[in-house]
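# Observations on the model geometry
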Amino acid sequence: MISGINSAHEALEKAKRIVVKIGSALLVEDNGAIRSKWLDALADDIAALRDQGKEILIVSSGAIAVGRTHLGLGLKSLKLEEKQAAAATGQIKLAHAYQSTLARHDITVSQILLTLEDTEGRRRHLNARNTIETLLKLGAIPIINENDTIATSEIRFGDNDRLGARVATMIGADLLVLLSDIDGLYSDDPRKDPDATYFSVINAITPEIEDMAGEPPVGYSSGGMITKITAGKIATDSGCHMLIANGKELNPLMAVANGQKRASLFLANTAPQAARKSWIAGSLKSDGVVVVDDGAVKALSKGRSLLPAGAVRVAGSFRRGDAILIENQSGEELARGLVGYNVEEVALICGKRSSEIEKTLGYEGREELIHRDDLVLTGLKRKKG
Ligand code: GLU
């Protein structure tokens, strides 16, 4: 978690990995056209932030708003299947718009469509995270949206504020920026009450703050302040700061970064790595055990990943992404982690060097049995019985 932040512009200045969420109302005209001048200016901001060495991910709404006109559905309220159809066609236009505007800066984009399951389920969570990490490493900007076309109500986020927050926590971002049609949090709706107090820094999301969120608005955006506050809880609980900024004008990110425009800053309350690790240590049951040799015990105590070479034997029934225990040869628990392979695969590569994985399994797997980011030392605990 980046600390010592007191204002919105400091958050943008110090953050290294930033998720920017863009609402439909900013990006799409009432007639369904993409506001290309606005998008070009946003792309310029993103390019400028990348030039400062930051990694940027975009969570963009707008697929339904663009697609509905394209399919001749007009502005009437849509049935679920019509929304899904609208998203299917709108998403292509949306992705293309990002691709062409960022190409002006030689920036490659990539498209990721997620459902609730992809961020909540551990196995799919690992897959989504690894793909996003790889894209960032390769210098591409992930353009992320909900997979509206296949996500039905039980498995929907429904709003991209929460999707943005889940993505931010999943990839350990240090800042989530919600670009909206309001410049932040007020004690009351400022359109109704001109005396409403504006909050520039929110240290904790208390029940009083939640009460200020009010009712969701009508129109394209499914969000409103309620989903922004929920997103704020998800983000700040996982060590990610959050900004709510008004994105209506051109170059909204730079305006906040330069201190020309205000934005509400919700401060994170824990470090992301610590939050993830306490999740691994505390809330998961274990589906198996891998026993490791003394060399691996030493490596683990120094904070390294567990490699196949250090594994002696394996037991249990688990698949890639499940939580397993790591024990020494006396049966004492050393650590817990999310395993990178299925149990049958671990049995085959136990004791082997990472360079032998491909030959043994017939495909190229990851180097680590359990990556250090997915591993938490739980101390030497006596085995029961
Ligand atoms: N995923 C929806 C879309 O792209 C938007 C959801 C939201 O408004 O937050 O149209």
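So, here is what we can say about the structure in this document. The residue count restarts for each chain, going from 1 along the sequence in the order it is written. Under the rules for a predicted model, residues below a pLDDT of 70 receive no local features and side-chain atom pairs below 80 are neither given nor counted, while totals for whole chains, interfaces and linings still include all residues. Remark: hydrogens and water are excluded; side-chain values derive from all non-hydrogen atoms of the structure.

Only DSSP runs of H or I covering at least 4 residues are called helices, and only runs of E covering at least 2 are called strands; the numbering of each starts at the N terminus. Counting its secondary structure elements, the protein contains 15 helices and 15 strands. The buried share of the protein, taken over its 385 residues, is 50%. Should any heavy atoms of two residues lie within 4.5 Å, those residues are counted as being in contact. Within the protein, residue pairs in contact and separated by at least 24 positions form 73% of the contacts whose partners lie at least 6 positions apart. Just so you have it, the protein exposes about 17,700 Å², and 49% of that area is on carbon and sulfur atoms. When accessible area is computed with a 1.4 Å probe and restricted to protein chains, residues below 20% of their type maximum are described as buried, those above 50% as exposed, and intermediate ones as partly exposed. Note on areas: Shrake-Rupley with a 1.4 Å probe; residue coverage comes only from the protein chains shown.

The strand order across the open sheet formed by eight strands is E3-E4-E2-E1-E5-E9-E10-E8, and the pairing between neighbours is mixed. At either end of the open sheet lies a strand with only one pairing partner, and these are strand E3 (109–114) and strand E8 (201–202). Pairing analysis gives two bridges linking E8 to strand E10 (residues 263–266), with the strands arranged parallel. Within E10, the residue paired with Ile202 across the bridge is Phe266. Pairing between strands is defined by DSSP: at least two bridges between them are needed.

The next thing to look at is the nonpolar core. Ile22, Ile58, Leu102 and Leu179 are the most contacted members of the largest nonpolar core, which totals 44 residues. Top element by residues in this core is helix H3 (residues 36–51). It accounts for seven residues. Dropping the residues within four chain positions of it, Ile58 is found in contact with Val20, Ile22, Ile46, Tyr98, Leu102, Ile141, Pro142, Ile143 and Ile144. By nonpolar core we mean a set of buried residues, namely Ala, Val, Leu, Ile, Met, Phe, Trp, Tyr and Cys, connected to one another through side-chain atoms within 4.5 Å. Leu114, Ala165, Leu176 and Ile209 belong to the second-largest nonpolar core, a separate cluster that totals 38 residues.

Structurally, Arg17 can be placed in strand E1 (residues 17–22). Leaving out residues up to four positions away in the same chain, Arg17 has contacts with Glu55, Leu57, Glu133, Leu136, Ile171, Gly172, Ala173, Asp174 and Leu175.

Let's shift gears to helix H8 (residues 160–170). Among the 11 residues of H8, eight are classified as buried, and the element is accordingly described as predominantly covered. When H8 is considered as a whole, its buried residues turn out to be Asn160, Asp161, Leu163, Gly164, Ala165, Val167, Ala168 and Met170. Any N or O atom pair separated by 3.5 Å or less is treated as a polar contact, with the protein-specific requirement of one donor-capable and one acceptor-capable atom, and with residues adjacent in sequence counted only for side-chain atom pairs. At the N-terminal boundary of H8, the capping side chain belongs to Asp159, with an oxygen 3.1 Å from the backbone nitrogen of Asp161.

With respect to the helices and strands, the residue Gly32 is situated in the loop between helix H2 (24–27) and H3. Remark: the alpha-carbon pair of Gly32 and Gly62, spanning 30 residues in sequence, is separated by 9.0 Å. Each residue touching Gly32, except ones within four places of it in the same chain, is listed here: Ala65, Val66 and Thr69.

Turning our eyes to something else, we now look at the packing of H8 against helix H10 (residues 225–237). Closest axis-to-axis distance for the H8/H10 pair is 8 Å, and the angle between their directions is 10°. The orientation of H8 with respect to H10, classified from their angle, is roughly parallel. When H8 is examined against H10, the residues Asp161, Arg162, Ala165, Arg166 and Thr169 are found in contact with a partner set consisting of Thr227, Lys228, Thr230, Ala231, Ile234 and Ala235. Here the contact of H8 with H10 is built from residues that sort into four nonpolar, three polar and four charged. Whenever a helix is involved, its axis is fitted only over the stretch in contact; in every case the axis is a line through C-alpha atoms, and angles between N-to-C directions fall within 0 to 180 degrees. Under this scheme an angle from 65 to 115 degrees is roughly perpendicular, one under 35 degrees roughly parallel, and one over 145 degrees roughly antiparallel; angles in between are oblique. The nonpolar class holds Ala, Val, Leu, Ile, Met, Phe, Trp, Tyr, Cys and Pro. Asp, Glu, Lys and Arg form the charged class, and all remaining residues, Gly among them, are polar.

Right, let's talk about the pattern of salt bridges for a bit. In the sections that follow, a salt bridge refers to a side-chain nitrogen of Lys or Arg positioned within 4 Å of a carboxyl oxygen of Asp or Glu. Within the structure shown, the criterion is met by 14 salt bridges. The partner of Lys21 in a salt bridge is Asp161, with the nearest N and O atoms 2.9 Å apart. Taken together, the residues Lys21 in strand E1 and Asp161 in helix H8 connect sequence positions 140 residues apart. Residue classification places Lys21 among the buried residues on the basis of a relative accessible area of 7%. Counted as one network, the salt bridges with shared partners bring together Arg17, Glu55 and Glu133.

A word on the environment of Gly232. Among the secondary structure elements, Gly232 is positioned in helix H10. In this structure, the C-alpha to C-alpha distance between Gly232 and Ala165, residues 67 residues apart in sequence, is 7.2 Å. Those residues in contact with Gly232 that sit more than four places away from it in its chain are Ile205, Asp237 and Met242.

Once that is clear, we can look at the packing of aromatic side chains. Two aromatic rings, drawn from Phe, Tyr or Trp (for Trp, its six-membered ring), form a pair once their centres lie within 6.5 Å of each other, and the interplanar angle then sorts them: stacked below 30 degrees, edge-to-face above 60, tilted otherwise. Within the structure shown, the criterion is met by one aromatic pair. Aromatic side chains Tyr186 and Tyr198 sit 5.1 Å apart centroid to centroid with 65° between the ring planes, which places their arrangement in the edge-to-face category. One end of the pair, Tyr186, is in strand E6 (residues 185–186); the other, Tyr198, is in strand E7 (residues 198–199), with 12 residues separating them in the sequence. Overall, Tyr186 belongs to the buried group, its relative accessible area being 12%. Residue Tyr198 is classed as buried on the basis of its relative accessible area of 16%. Put simply, a charge is over a ring when the Lys NZ or the Arg CZ is close to the ring centre, within 6 Å, and near the line of the ring normal, within 35 degrees. The ring of Tyr198 is capped by Arg262, whose NZ or CZ atom sits 3.6 Å from the centre of that ring.

The values are spatial; any link to function lies outside them.
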